[in-house]
Amino acid sequence: MAASPDTLYLKVDRNIVVQTYQVHLQDIAKMECTNTAILRQLKQKKIYSFPQKDTPNKKKHRLQVFSILNLIQQIHEDYPNLEVQNMGETDFIVECQADVQKNQVLDILKTVVLCIVIFFGAAFTIMTFNNDVAVADVFSQLYYQVTGQESNGVTEIEVFYAIGMPIGIMIFYNHIGKKKVTHDPTPIQVEMRKYEQDVDNTFIENESREGKNADVD
């Protein structure tokens with residue numbers, strides 16, 4: 001009776017960041033195999049090499065789309081009888097960030113500008129909303145009905161409204177400073193993850209249509 005072939009379980013995420021130009025299988029995939037010798041060898045297998053020289057569009061050359069079939073093909077070059085079970089994505093992006101120099105001053109400046117734009121944009125949005133729904137008139141009528149006196153424009157209602165709005169925003173966005181109110185993802189985090197998934201899907205589809213992805217023939 002012939003022995004059953006070894007099985008390699010392979011899991012790759014949709015978007016992977018590596019810090020070296022030479023990409024090995026262990027840099028982009030999680031693997032499990034009962035044959036420890038095969039597993040040890042495959043972890044060191046080189047899958048791809050990013051160009052190190054400067055190019056007019058260097059950032060684009062730091063991104064590469066792969067098909068899981070390409071990985072399986074390269075694995076079978078060394079172990080043709082090895083059974084590979086894919087437990088992750090079928091197409092994925094590998095981004096090289098080797099020797100990427102971050103400008104902290106520029107990052108801080110971008111953050112400051114973004115905060116200013118968001119602050120005044122949010123303030124303008126709140127003011128236009130209050131004007132559209134006539135919040136001031138509603139507060140004046142409510143104050144008159146409750147107290148029987150005319151509102152001077154600055155009453156307890158306006159004060160509590162001004163206090164309650166930022167508190168409500170912080171609770172809704174699940175953040176007070178650097179701390180989260182609950183362990184649930186914030187609405188911004190959820191939307192950012194959806195945006196990242198849409199960007200990854202679009203990039204993979206574009207590269208596939210142009211034939212620039214690493215796939216089997």
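Above this text you will find the structure in question.
Summarised in this report is the structure supplied together with it. Counting restarts for each chain, with residues numbered from 1 along the sequence as it is written. Under the rules for a predicted model, residues below a pLDDT of 70 receive no local features and side-chain atom pairs below 80 are neither given nor counted, while totals for whole chains, interfaces and linings still include all residues. Think of the side-chain values as coming from all heavy atoms in the structure, minus any hydrogens and water.

## Side note on the packing of aromatic side chains
Side-chain rings of Phe, Tyr and Trp, where Trp is taken by its six-membered ring, are said to pair if the distance between their centres is within 6.5 Å; with planes under 30 degrees apart they count as stacked, over 60 as edge-to-face, and otherwise as tilted. Applying the stated criterion across every chain yields a total of five aromatic pairs. Relative to Phe-120, the ring of Phe-119 has its centre 5.2 Å away and its plane inclined at 85°; by these criteria the two rings are edge-to-face. Comparing Phe-119 with Phe-120 shows no difference in burial state: the two are exposed. Between Phe-139 and Tyr-161 the ring centres are 5.1 Å apart and the planes differ by 70°, which places this aromatic pair in the edge-to-face class. For each residue, the accessible area found with a 1.4 Å probe, counting protein chains only, is set against the maximum for its type, and the residue is called buried under 20%, exposed over 50%, and partly exposed in between.

## A few points about helix 7 (residues 187–209)
Put simply, DSSP marks the helices as runs of H or I at least four residues long and the strands as runs of E at least two long, and each gets a number from the N terminus on. To estimate how far a helix should reach, multiply one less than its number of residues by 1.5 Å. Compared with the 33 Å implied by 1.5 Å per residue over 23 residues, the 33 Å span of helix 7 between its first and last C-alpha is a close match. Between two residues, a contact is recorded if the distance between any of their heavy atoms is within 4.5 Å. On its buried side, helix 7 packs onto strand 2 (15–18), strand 6 (63–67) and strand 8 (91–96).

## Points about the nonpolar core
As a rule of thumb, nonpolar side chains are buried together in soluble globular proteins. The set of buried Ala, Val, Leu, Ile, Met, Phe, Trp, Tyr and Cys residues whose side-chain atoms join them within 4.5 Å is what this entry labels a nonpolar core. Counting residues in each nonpolar core, the largest one holds 29 residues, and the members touching the most others are Leu-10, Leu-25, Ile-28, Leu-71 and Phe-92. If you list the elements that add at least two residues to this core, you get strand 1 (7–11), strand 2, helix 1 (25–28), strand 4 (30–33), helix 2 (36–43), helix 3 (68–78) and strand 8. The dominant element in this core, judged by the number of residues it contributes, is helix 3, at four residues. The contact partners of Leu-25, leaving out residues within four places of it in the chain, are Met-31, Leu-42, Lys-43, Lys-45, Ile-47, Leu-71 and Ile-75.

## Examining the sheet that holds strand 8
Across the sheet, which stays open at both edges, the three strands sit in the order 2-8-6 with mixed pairing between neighbours. At either end of the open sheet lies a strand with only one pairing partner, and these are strand 2 and strand 6. Neighbour-to-neighbour, the strand axes of this sheet turn through a mean angle of 25°, independent of strand direction. Being paired, for any two strands, means DSSP has found at least two bridges between them. In this structure, strand 6 lies alongside strand 8, joined through five bridges in antiparallel fashion. Angles here are taken between N-to-C directions and fall from 0 to 180 degrees, while the axes themselves are lines fitted to C-alpha atoms, restricted in helices to the stretch in contact.

## Thoughts on a nonpolar patch on the surface
Only residues whose relative accessible area exceeds 30% and that take part in no salt bridge are eligible for patches, with like-charged residues grouped when within 9 Å of each other and nonpolar side chains (Val, Leu, Ile, Met, Phe, Trp, Tyr) grouped when within 5 Å. In short, Shrake-Rupley with a 1.4 Å probe defines the accessible areas, and a residue's cover is counted only from the protein chains shown. For salt bridges, the criterion is a side-chain nitrogen of Lys or Arg within 4 Å of an Asp or Glu carboxyl oxygen. On the surface, a cluster of nonpolar side chains totalling about 840 Å² of accessible area is made up of Val-154, Val-159, Phe-160, Ile-163, Ile-167, Met-170, Ile-171, Ile-176 and Val-181. Topologically, Val-181 is positioned in the loop between strand 10 (179–180) and helix 7. By relative accessible area, Val-181 is classed as partly exposed at 45%.

## Examining the sheet that holds strand 4
Strands sit in the order 4-1-7 across an open sheet of three strands; the sheet is mixed. Two strands in the sheet have a free side with no partner beyond their single neighbour: strand 4 and strand 7 (83–86). Within the sheet, the average angular offset between the axes of one strand and its neighbour, ignoring direction, is 20°. When strand 1 meets strand 7, the two strands line up parallel, connected through four bridges. Pairing of Leu-8 across the sheet is with Val-84, part of strand 7. Here helix 2 sits on the sheet and contacts strand 1 and strand 4; the angle it forms with strand 4, its principal contact strand, is near 160°.

## Topic: helix 5 (residues 135–147)
Over its 13 residues, helix 5 runs 18 Å from end to end, which matches the ideal 18 Å to within 8%, given 1.5 Å per residue. Within helix 5, burial applies to Val-135, Phe-139 and Tyr-143. On an axial view of helix 5, the arc spanned by its buried residues comes to 70°, and they lie on one face. Along helix 5, the residues that are exposed and aim more than 90 degrees away from the buried face are Gln-141 and Gln-145. Of the surrounding elements, those touching the buried residues of helix 5 are helix 4 (104–132) and helix 6 (156–172). Just downstream of helix 5, Gly-148 is the residue with a positive phi angle, here 80°. Of all possible arcs, the one meant is that of the directions from the helix axis to the C-beta atoms.

## Digging into the pattern of salt bridges
The tally for this structure, following the rule as stated, stands at five salt bridges. Between Glu-89 and Arg-14 there is a salt bridge, with the nearest N and O atoms lying 2.7 Å from each other. Placement of Glu-89 in the loop between strand 7 and strand 8 and of Arg-14 in the loop between strand 1 and strand 2 is noted, with a sequence separation of 75 residues between them. With a relative accessible area of 26%, Glu-89 lands in the partly exposed category. Across the pair Lys-212 and Glu-210 runs a salt bridge whose closest N-O atoms are separated by 3.1 Å. Note on Lys-212: relative accessible area 41%, which makes it partly exposed.

Everything listed here is a matter of geometry and, on its own, says nothing about what the molecule does.
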